[in-house]
Amino acid sequence: MASSPARDALAARLRAAGSVFAEDEADLLLAAGDGDPVRLRGLVQRRLAGEPLEYVLGWAAFDGHRIRVTPGVFVPRARTRVVVTEAARRLRRYDRVVDLCCGAGAISVALLERVGALDLVASDIDPDAVDAAAENIGDRGIVVAGDLFAPLPERFRGAVDVLAVNAPYVPTDAVATMPSEARDHEHRVALDGGADGLDLHRRIAGGAGEWVRPGGAVVIEVSEAQASASARAFDAQGFVTEVVHDGTVDGTCVVATRPEG
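Residues numbered from 1 in each chain as written. Predicted model: local features only at pLDDT ≥ 70, side-chain atom pairs only at ≥ 80, totals over all residues. Heavy atoms only, no water.

## Section: the environment of Phe62
Phase 1: Within the secondary structure, Phe62 is located in strand E1 (residues 59-62).
Phase 2: For Phe62, a relative accessible area of 2% gives the class buried.
Phase 3: A C-alpha to C-alpha distance of 9.5 Å links Phe62 and Val75, two positions 13 residues apart in sequence.
Phase 4: The residues contacting Phe62, other than those within four sequence positions of it, are Ile67, Pro76, Arg77, Ala78, Thr80, Arg81, Val84, Ala106, Ile107 and Ala110. (Helix = DSSP H or I, 4+ residues; strand = E, 2+ residues; numbered from the N terminus. Buried < 20%, exposed > 50% of the residue type's maximum accessible area, 1.4 Å probe, protein only. Contact = heavy atoms within 4.5 Å.)

Shown next, in the form of structure tokens:
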């Protein structure tokens, strides 16, 4: 957006409040205000009060898409594109996919765009996330609520081609050190991965063999420092693992393949 006195003044206010990308945020807020000064004032006040920009706008950018997010729902990060990339290269149209711990359904939306039509189920334990995912995915997949594998349809048992996962992996004690926009605004259930951050990874490793077909794979996001420990959890369950790091998005995932035969 071209510079203007109003845009420059708003950017200055945002910068003073700590925004690193003040000009970009000013452009987005002005566009969201849609020429209504009352609406714009409300949006700006929410942002200046520290509410995440994505909640103020009502969407987050991910893999070229606008993903609808509502307050409390986990905001998709660019690093999760490593999961999308590794999952997409293992999929063909109409394959059976589970987006586990789906949040707002960002992985699902990206895979549907990259691969095409899929037999897709997205699942999350957070009802607000399920609502957001259902809006984002629409009639292109099924969205269910529950704890990990519990709500998945029986027809998926032993037949999943790819289990794409962004489960919480922040150690409990580290949640307090996260940026305010995450720790103070996103639901704790979307962040806290237990004492070492890998409680959910171990549970998923323990249950994935019942759902992933022989030759299918789990693609699960993790930090680079935790990747070896996460991989060991899947190794212990008979999966063949590799760690993939994508430096372009600073994202890391474990790819755990269920052996055939």
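## Description of the packing of helix H2 (residues 22-33) against helix H3 (residues 37-48)
Phase 1: One way to put it is that H2 packs onto H3 with a least axis distance of 8 Å and a crossing angle of 145°. At the point where H2 passes H3, the crossing takes the right-handed sense. For the pair H2 and H3, contact is made by Glu25, Leu29, Leu30, Ala32 and Gly33 and by Arg39, Leu40, Leu43, Val44 and Arg47, respectively.
Phase 2: When the residues that make up the contact of H2 with H3 are grouped by side-chain class, the tally is six nonpolar, one polar and three charged. (Axes fitted to C-alpha atoms, helices over the stretch in contact; angles between N-to-C directions. Left-handed = near helix turned anticlockwise from the far one by under 90°. Nonpolar A, V, L, I, M, F, W, Y, C, P; charged D, E, K, R; others polar.)

## What to know about the sheet that holds strand E8 (residues 240-246)
Phase 1: The strand order across the open sheet formed by seven strands is E5-E4-E3-E6-E7-E9-E8, and the pairing between neighbours is mixed. Two strands close off the open sheet at either side, each with one partner strand: strand E5 (142-145) and E8. Adjacent strand axes in the sheet meet at a mean angle of 20° when their direction is disregarded.
Phase 2: Bridge count for E8 against strand E9 (residues 251-257) is seven bridges, and the pairing is antiparallel. The residue of E9 that forms the bridge with Glu242 is Val255. (Pairing = 2+ DSSP bridges.)

## Some remarks on the pattern of salt bridges
Phase 1: One pass over the full model with this rule turns up 23 salt bridges.
Phase 2: Here Asp161 ties to Arg213 by a salt bridge, and the two come within 2.5 Å at their closest N and O atoms. In this pair, Asp161 is assigned in strand E6 (residues 160-165) and Arg213 in strand E7 (residues 212-222), connecting sequence segments 52 residues apart.
Phase 3: Accessibility expressed as a relative area gives 12% for Asp161, which makes it buried.
Phase 4: On the basis of relative accessibility, which here comes to 28%, the residue Arg213 falls in the partly exposed class.
Phase 5: The salt bridge partner of Arg183 is Asp184, with a shortest N-O separation of 3.7 Å.
Phase 6: Because the salt bridges share partners, they merge into one network encompassing Glu86, Arg89, Arg90 and Glu242. (Salt bridge = Lys/Arg side-chain N within 4 Å of Asp/Glu carboxyl O.)

## What to know about the packing of aromatic side chains
Phase 1: Inspection of every chain in the model, using the stated rule, returns two aromatic pairs.
Phase 2: A ring pair is formed by Phe149 and Trp211, whose centres lie 6.1 Å apart and whose planes are at 5°; its orientation type is stacked. Of the two residues, Phe149 sits in the loop between E5 and E6 while Trp211 sits in the loop between helix H9 (199-208) and E7, which places them 62 residues apart along the sequence.
Phase 3: Judged by its relative accessible area of 10%, Phe149 falls in the buried class.
Phase 4: Arg66 extends its terminal NZ or CZ atom over the ring of Trp59, reaching a point 3.9 Å from the ring centre. (Phe/Tyr/Trp six-rings, centres within 6.5 Å; stacked < 30°, edge-to-face > 60°. Lys NZ or Arg CZ within 6 Å of the ring centre and 35° of its normal.)

In short, shape yes, function no, at least from these values alone.
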